[in-house]
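In case you want the letters, here they are:
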Amino acid sequence: MNLGHEGFGIASPQDLLNLNKALEAGYATSPETQVGGGALRVESLESSLKVLTYTDQHVKFWKRIPKKNAYSTVEEYNQLISYGSDTGGFYGEGELPDADDSNYQRRAAFVKFVGTTRSVTHPMTLVTPAHGDVIALENKNGIMKILKTLEWGLFWGDSKLGKGGTEYVEFDGLFNQIDPENTIDLKGEHLTEQHLNWGAQMIVENYGFPTDLFLPYEVLGQFQNEFLPKERIVLPSQNGMTAGAAIEQFNTHAGTIRLEPDVFLRKTEPLKQSATHPQAPAAPTTINAEEATEAGDFVKSGGAGTYTYYVTAANRHGESAPSPAAAFAMVDASKGVKITANVASSQHPVEYYNVYRTEKDGSKAYRIARVAAKQDGSLEWVDTNYIMPNTYTAFMGEMDENVIAFKKLSDLMKMDLAILAPAYRWMILLYGVPILYAPRKFMKFINIKVDFSKPLSQI
């Protein structure tokens, strides 16, 4: 029978309806929503795990710092300050030269402990995992967690954050070990060739030879942009050409410096709106900002205007939600700002406070300081504008084992815990402390600004 006039070729409408009832694989991902052919579909999951966070390739400073063995939780070392006095030395014929004594100083560094606890249930070890042995995977993830902690601490660690400014669980990083005089404040400017030469000169004057500059990726990007309009050379090539300037080293009058961009050297940390850990202290209930009697330098931030402060309470586990805002209308930019805060009560003790501040008349706050709590748990601190919000820091120095080293009491190790339930638990641990033997053979650039939104001529 010819049904072509009905528009379905040689098939009837019923045949088409039956065809539409054929099993479809569909796209549902939840078991309860998989019906028809989807219920029979075998899911496909790639065996390779896609890593969305940092890898060991990002841990630059830890790989570069010389490693030495430690033999005690207190590592003492001697510093040779001078060979003798800086005067005299010439004498007349037949005279006895003046007596000189070398100047030594003994110092000590305390080994600190870095670790993480991992746990995998026994049933989880019996199933067929998508990405290999689960215990091995968690072991690797724990090691990466420790490497991040180390890399961050090597730059920013502070050993005096215990209540009342006492010894804390962190070791001192470069920021706190470098001699304060070896600082170049860019005051919101971007890093240039001249700054690198000034920093190199600062190290040379203290008998060092700069070898490495650890800087944020954004700062390196801005630095490289400086070279794009200066010189262009196009060579004929059958395979096309590659544009851009990849600067890996920089020649100063003190020698060649290796540029090491580090992802953990990010700009001042933005304010978080919630607590970062269940065992963090309660949020500060009161905060006050007023003009201090101490001098400040707010001229470099634009001078008079409104600066808004926030404070979070913190301990070794994490930090609290932020305090209420405290807006300070600055009139005299040569004065500092006194910040006071308190936590009414908290199940988990406060060890230190994080202070956040906006830029002049700004709305987004950035961390400008970590300050040890007083013995009564309160905060009292003066903001002199030493660190500006929304800025970067870079470090330059001599990477030599006689200048800087990481003293390790133990290598990275795995320690199994007692099995108290159908689960395997273990710790991954490392004990050590970085020591900057020569604090003047490193220097830091602070308050670096980066702005990719403007043409170079307007920065």
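Scroll up to find the structure this text is about.
These remarks concern the structure in this document.

With respect to the overall build of the chain
No. 1: When its secondary structure is counted, the chain shows seven helices and 20 strands.
No. 2: For the chain, the residues scored as buried account for 41% of the 459 residues in total.
No. 3: Sequence separation of at least 24 residues holds for 76% of the intrachain contacts in the chain that already meet a minimum separation of 6.
No. 4: Within the structure as shown, the chain displays about 26,200 Å² of accessible surface, and the carbon and sulfur contribution to it stands at 53%.

A closer look at the pairing of strand β20 (residues 442-448)
No. 1: Taken across its seven residues, β20 has seven buried, putting it largely inside the fold.
No. 2: Bridging between strand β5 (residues 183-185) and β20 involves three bridges; their strand directions are parallel. Bridge pairing in β20 places Asp185 opposite Ile446.
No. 3: Where strand β16 (residues 392-397) and β20 come together, five bridges link them in antiparallel fashion. Bridge pairing in β20 links Gly397 to Phe442.

Regarding unusual backbone geometry
No. 1: The backbone of Tyr207 shows a phi angle near 65°, a positive value even though the residue is not glycine.
No. 2: Following the sequence through the fold, Tyr207 ends up in the loop between α6 (193-204) and β6 (212-215).
No. 3: Overall, Tyr207 belongs to the exposed group, its relative accessible area being 70%.
No. 4: Backbone geometry at Asp361 places phi at a positive 55°, although glycine is not the residue there.
No. 5: Counting through the fold element by element, Asp361 comes out in the loop between β13 (352-358) and β14 (365-372).

Let's talk about the nonpolar core
Proteins that are soluble and globular tend to have nonpolar side chains buried together.
No. 1: Among the nonpolar cores identified, the biggest contains 42 residues, and Phe61, Trp62, Leu150 and Leu174 are the most heavily contacted of them.
No. 2: Per-element tally for this core: the top contributor is helix α4 (residues 134-156), with seven residues.
No. 3: Once you skip the residues sitting within four places of it in the chain, Leu174 turns out to touch Phe61, Leu154, Phe155, Phe395, Ile404, Leu436 and Phe442.
No. 4: Counting residues in hydrophobic clusters, the runner-up holds 24 residues, among them Ile184, Ile247, Phe250 and Met443.

A look at the environment of Leu436
No. 1: By the element assignment, Leu436 lies in strand β19 (residues 423-436).
No. 2: A residue is classified by how much of its surface remains accessible, and Leu436, at 3% relative accessible area, is buried.
No. 3: As a C-alpha pair, Leu436 and Glu401 span 35 residues in sequence and 9.4 Å in three-dimensional space.
No. 4: Every residue in contact with Leu436, bar those within four places of it in the chain, is listed here: Tyr77, Leu174, Gln177, Ile178, Val403, Ile404 and Phe442.

Structural notes on the sheet that holds strand β9 (residues 286-295)
Strands belonging to one sheet form pairs held by backbone hydrogen bonds; the direction of such a pair is parallel or antiparallel.
No. 1: The strand order across the open sheet built from three strands is β9-β12-β15, with neighbouring strands paired in antiparallel fashion. The open sheet is flanked by β9 and β15 (379-383), the only strands paired with a single partner. Strand-to-strand twist in this sheet, taken as the mean axis angle between neighbours without regard to direction, amounts to 25°.
No. 2: Note: β9 against strand β12 (residues 335-342), seven bridges, orientation antiparallel. What sits directly across from Ala295, in β12, is Lys335.

A closer look at the pairing of β6
No. 1: By the alternation rule, side chains of β6 split into Asp212 and Phe214 and Leu213 and Leu215, which are all buried.
No. 2: The pairing of β6 with strand β8 (residues 255-261) spans four bridges and is classified as parallel. Bridging from a neighbouring strand, Asp212 pairs with Arg258 of β8.
No. 3: Bridge analysis of β6 against β16 gives three bridges, and the strand direction is antiparallel.

Overview of the sheet that holds β13
No. 1: The strand order across the open sheet formed by four strands is β11-β10-β13-β14, and the pairing between neighbours is antiparallel. The open sheet has two free edges, formed respectively by β11 (326-330) and β14, since each of these has just one partner strand. In this sheet, adjacent strand axes meet at a mean angle of 30° when their direction is disregarded.

A few points about the environment of Lys163
No. 1: With respect to the secondary-structure elements, Lys163 resides in the loop between α4 and α5 (174-177).
No. 2: The exposure class of Lys163 is partly exposed, given its relative accessible area of 28%.
No. 3: When the C-alpha atoms of Lys163 and Ala373 are compared, they prove to be 5.0 Å apart, with 210 residues separating the residues in sequence.
No. 4: Residues in contact with Lys163, not counting those within four places in the same chain, are Val350, Glu351, Ala373, Lys374, Gln375 and Gly377.

Parameters and conventions
Residues numbered from 1 in each chain as written. Predicted model: local features only at pLDDT ≥ 70, side-chain atom pairs only at ≥ 80, totals over all residues. Heavy atoms only, no water. Helix = DSSP H or I, 4+ residues; strand = E, 2+ residues; numbered from the N terminus. Buried < 20%, exposed > 50% of the residue type's maximum accessible area, 1.4 Å probe, protein only. Contact = heavy atoms within 4.5 Å. Areas by Shrake-Rupley, 256 points an atom, 1.4 Å probe, with all protein chains shown as cover. Pairing = 2+ DSSP bridges. Core = buried A, V, L, I, M, F, W, Y, C linked by side-chain atoms within 4.5 Å. Axes fitted to C-alpha atoms, helices over the stretch in contact; angles between N-to-C directions.

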